[in-house]
Amino acid sequence: MKSPLLALPGAVPAEGADEGVAAHYGNIFREQRELAEGRGFVDLSHRGVVTVTGDDRLAWLHLLLTQHVSELPPQQATEALVLSPNGHVEHALYLVDDGTTTWAHVEPGTQQALIGYLESMKFFYRVEVTDASADFALVHLPAGSTASADGAAAVRELPYGRDLFLPRAELAGRTAGYGPAAGIWAYEALRVEGHRPRLGFETDHRTIPHEVDWLDSAVHLQKGCYRGQETVARVHNLGRPPRRLVFLHLDGTEEKLPAHGAEVRLATDGGEGRPVGFVTSSARHHELGPIALALVKRNVPVDAVLLAGTVPASQDVVVPQ
């Protein structure tokens, strides 16, 4: 769905997974600084919105998700995953319950597959699952924003801001009072800085939650009874994940950022060395310069200089060895 906010002055459309919203509005560093200082908003209306209603909704979701949600208090934000039987990440949900409805936003275009899975697991539970993407749109306000959330159907309060579920028909009018618009590039730069994984970027078909630091935010280790739980428990208790997420400080002399999927090698092995991982996300940060996240083999030394594509990079530990 194409956002009406692409009609704002200076809007440059995003491509790929974020098609439908603005990449930026003319100055990516200014937009980042505004967000970092608690001003403005980000149009995330391309993301999928799923709602679950019914008396059994939380108890039912508790059986399917990695997070403990059976007693989720109203208005408390949380994250959760859907795993494959082998424990690989299939879906990431960003949740809040308002007392009668559980709201979730998900990666663009993934809501139908998620709903298909949820529908197949309804059985006798009193729940109703709805794709609400056509009726509601997501907007992000940064931490420190004084913009009013009045008119939002639901709000997720987070350490780094607020996610607002707004009526899609009112998107342009509601956001007019939120301050300057920031594009998805600014939002992504701050996400990379915050080491926050994103489905389809920091994940592939083999990813387990431990590799990208989702154990802290999206997995409850004391609950069972969900698909893939055996893998989560086994890797946590008996071993270590085969890969780990790292934060990269990229050499600023290169003009181009390494693309998603660019191979990562040890700098000592040179450009023809054996790959030890791949770049998952990269961005230009208003203070840190070029940065990236990468998924590398667990045994890569934490002090090793890496090559992200052709770009030299030092690493900060996100997931310990």
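Residues numbered from 1 in each chain as written. Predicted model: local features only at pLDDT ≥ 70, side-chain atom pairs only at ≥ 80, totals over all residues. Heavy atoms only, no water.

Peer 1: What exactly am I supposed to notice about the pattern of salt bridges here?
Peer 2: Once the charged atoms of two side chains with opposite charge are near each other, the side chains can pair. Applying the stated rule across the entire model yields 18 salt bridges. For Glu107, the salt bridge identified is with Arg47, shortest N-O distance 2.9 Å. You can see Glu107 sitting in the loop between β7 (101–106) and α3 (111–120) and its partner Arg47 sitting in the loop between β3 (41–43) and β4 (48–53), a full 60 residues away along the chain. Taken individually, Glu107 and Arg47 each receive the classification buried, so the pair is uniform in this respect. We note a salt bridge from Glu263 to Arg265, for which the minimum N-O separation is 2.6 Å. Residue Glu263 is classed as partly exposed on the basis of its relative accessible area, which comes to 36%. Judged by its relative accessible area of 13%, Arg265 is buried. What emerges from the salt-bridge pattern is a single network uniting Asp18, Arg47, Glu107, Glu188, Arg191, Arg198 and Glu202. (Salt bridge = Lys/Arg side-chain N within 4 Å of Asp/Glu carboxyl O. Helix = DSSP H or I, 4+ residues; strand = E, 2+ residues; numbered from the N terminus. Buried < 20%, exposed > 50% of the residue type's maximum accessible area, 1.4 Å probe, protein only.)

Peer 1: When you look at the sheet that holds strand β5 (residues 78–83) in this model, what are you seeing that I'm missing?
Peer 2: Within a beta sheet, neighbouring strands are joined by backbone hydrogen bonds and run either parallel or antiparallel to one another. What the five strands build is an open sheet, ordered β5-β6-β7-β4-β8; its pairing is antiparallel. The sheet is open, and its two edges are formed by β5 and β8 (128–131), each paired on a single side. When the angles between neighbouring strand axes are averaged without regard to direction, this sheet yields 30°. Pairing geometry for strand β6 (residues 89–97) and β7, over four bridges, is antiparallel. Of the residues in β7, the one forming a bridge with Val96 is Trp103. Relative to the sheet, α3 contacts β4, β5, β6, β7 and β8, its axis offset from that of β8 by approximately 170°. (Pairing = 2+ DSSP bridges. Axes fitted to C-alpha atoms, helices over the stretch in contact; angles between N-to-C directions. Contact = heavy atoms within 4.5 Å.)

Peer 1: Hey, could you run me through the pairing of strand β16 (residues 289–297) in this one?
Peer 2: Put simply, side chains in a regular strand alternate between the two faces of the sheet. β16 sits mainly inside the fold: seven of its nine residues count as buried. Pairing of strand β13 (residues 243–250) with β16, which is carried by seven bridges, proceeds in the antiparallel orientation. Bridge assignment links Leu248 to a residue of β16, and that residue is Ala292. Relative to β16, strand β15 (residues 277–285) runs antiparallel, the two being bridged by eight bridges. What sits directly across from Ser281, in β16, is Leu293. The antiparallel hairpin formed by β15 and β16 contains three residues in its connecting segment.

Peer 1: Even after reading the chapter, I still don't get the sheet that holds strand β18 (residues 311–317), so can you show me in this structure?
Peer 2: Spatially, six strands are ordered β13-β16-β15-β14-β17-β18 in a closed barrel, and the strand pairing comes out antiparallel. Mean inter-strand twist for the sheet, computed between neighbouring axes without regard to direction, equals 45°. Relative to strand β17 (residues 306–308), strand β14 (residues 263–266) runs antiparallel, the two being bridged by three bridges. The partner of Leu266 across the bridge, within β17, is Leu306. Its contacts with the sheet place helix α5 (residues 184–193) against β13, β15 and β16, and it is angled at close to 120° to β15.

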